[in-house]
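Close look at the chain arrangement
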Amino acid sequence: MTRYDLVIRGGTVATAADVTTCDIAVCDGRIVALGEDLGPAEEVIDARGMVVTPGGVDAHCHLDQPTSDGSRFADDFASGTISAAFGGTTTVIPFALQMRGQNLRDVVADYHAKAAGKAVIDYGFHLILSDLTRPEIMQELPALIAEGYTSFKVYMTYDDLKLSDRDILDVLDLARREGAMTMIHAENTDCIAWLTERMLREGKTAPLYHALSRPAAVEREATHRACTLAEIVGTTALIVHVSAGEAIEQIRAARARGLRILAETCPQYLFLTIDDLGGPGAQGMKCICSPPPRDKANQELVWRALADNTFDILSSDHAPFSFDDAAGKQRRGPDTPFTHVPNGVPGIETRMPLLFSEGVLKGRIGLSRFVALTSANAARIYGLPRKGSLAVGADADIVIWDPEREVMITNGRLHHRADYTPYEGRMVTGWPAVVLSRGTVVCRDGALLARPGQGRFQARSRPLTPATGGAADGYRGRPRG
Ligand code: URP
Ligand code: ZN
Ligand code: ZN
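Attention in this report is confined to the structure presented alongside it. This one's a predicted model, so the numbers in the text were calculated from it and none came from an experiment.

Bringing the site of ligand 1 into the picture now. Around ligand 1, the surrounding shell holds 13 residues, and the nearest of these are K153, H185, S290, D317 and N343. Coverage of ligand 1 by the protein amounts to 95% of the 270 Å² it exposes when considered alone. For the shell around ligand 1, a count of residues per class yields four nonpolar, seven polar and two charged.

Quick look at the coordination of the zinc ion (ligand 2) now. Taken together, the protein ligands of the zinc ion (ligand 2) are K153 (NZ), H185 (ND1) and H241 (NE2), with distances of 2.1 Å. The sequence pattern formed by the donor residues of the zinc ion (ligand 2) is K-x31-H-x55-H.

For the zinc ion (ligand 3), the full set of protein donor atoms is H60 (NE2), H62 (NE2) and D317 (OD), and the range of their distances to it is 2.0 to 2.1 Å. When the donors of the zinc ion (ligand 3) are listed by position in the chain, the intervening gaps give H-x1-H-x254-D.

Another aspect to go through is the pattern of salt bridges. Counted by the stated rule, this structure contains 31 salt bridges. In this structure, the salt-bridge partner of R220 is E246, at a minimum N-O distance of 2.8 Å. One end of the pair, R220, is in helix α7 (residues 216-233); the other, E246, is in helix α8 (residues 245-256), and 26 residues separate them in sequence. Close ionic contact of R386 with D395 constitutes a salt bridge, the shortest N to O distance being 3.7 Å. Given a relative accessible area of 42%, R386 falls into the partly exposed group. Among the residues examined, D395 registers a relative accessible area of 4% and is labelled buried. In the salt-bridge network here, residues are joined through shared partners; they are R30, D122, R386, K387, D395, D397 and R438.

The rules behind the values
- Residues numbered from 1 in each chain as written.
- Chains lettered and ligands numbered in written order.
- Predicted model: local features only at pLDDT ≥ 70, side-chain atom pairs only at ≥ 80, totals over all residues.
- Heavy atoms only, no water.
- Near = heavy atom within 4 Å.
- Areas by Shrake-Rupley, 256 points an atom, 1.4 Å probe, with all protein chains shown as cover.
- Nonpolar A, V, L, I, M, F, W, Y, C, P; charged D, E, K, R; others polar.
- Donors = N, O, S within 2.8 Å, 3.2 Å for Na, K, Ca; no water.
- Salt bridge = Lys/Arg side-chain N within 4 Å of Asp/Glu carboxyl O.
- Helix = DSSP H or I, 4+ residues; strand = E, 2+ residues; numbered from the N terminus.
- Buried < 20%, exposed > 50% of the residue type's maximum accessible area, 1.4 Å probe, protein only.

The values reported here are purely geometric and, on their own, carry no functional implication.
So this is what it looks like as structure tokens:
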């Protein structure tokens, strides 16, 4: 009789396809059987009353990324991946950023050096393409794609990153030829610059003006243009961090025209609003990110698009800058104008618990859809066939959730290095009790059991079609009063 390394016994096991109650057996870091009464095993984890999902795949996060303005990301690959793991994420795909003038081989080498010996969970890299002026850049890309860097992000805004539409067409065309995925940050840069200059002339420098300088129309236009560029090339593209109903409509319209446009949203558009940027004093800086959080009505539209399959993935866009830090949000003190506040919010650890609590347990999405949004689709879209599922042969990247645990989110209980969380004081129900990476326990009941360096680089394959995640899987947790 086979003796397994590990059996996880009797949990409510959820994949993007279905929800069932069964045991999961693991050998050599992979799932080898699912069924009833599996055993014997070296180790047994009793998961009765618990929910078992694939480990999360956070396909949009920024770790140890260089900046050109003197600001500093708070997390490196150690703190960032530890924080991710405590929140149920077992694979991250941060960005390897090309600074202007840099060749891509150097970019990739730098990121391997940053991650090696530090990551506690598996990781891959997207490339950020910011400079195509030298012809060798486009020549380097096919080989890099073949080596497992099968996706890249392009920006329509930010002076040090933005590409022209013509450059984006070139990138999309290369992605089409090579079977790679282009992620697009869709905001109209000239509109933002024009609105920003007007605000500065009027002395409007408070955090709220960050949001007013990037209204939903700016995102709508750029999303429309991004879809149009993909249409002209005849390829797919993924619109990242979609924040508002108007951009969502553009994505639906593009799909109705037959385009394969994929879409990502992030917790900040489900749980924060523009009012959070208007908080007292400098507090609003904590929620400055781009696109900015919108109003309540847009928040509701994002929730609906999450439930009706418009969105393919929910990523954190973890871009952590400390608040009380001369290299963070208050670079010029409490009156730092919004134009000098680094963009981004921390959220790598809270991504999955927030959606589990407020999405699944509040009945807005099913458990299979939760899996599709937080792991399965990212694994498929970004070419990680062994991640995001609980099938035989998959990596045993597994989260065992205590679905009844009530947790108040405070920065003190999180593991990132940013000195705040935008979700301070929010109560959630459900939290990861045990998190496994390739069959090894990374975190259990709040203790870190993994060592830095345990995470492995994942060379990724070409993108596959995402799953939707059935809505009617019946799981709602126990009724809550
Ligand atoms: O404000 C944000 N989202 N900062 C991170 C960089 C990006 O554009 O994703
Ligand atoms: Zn972006
Ligand atoms: Zn980002």
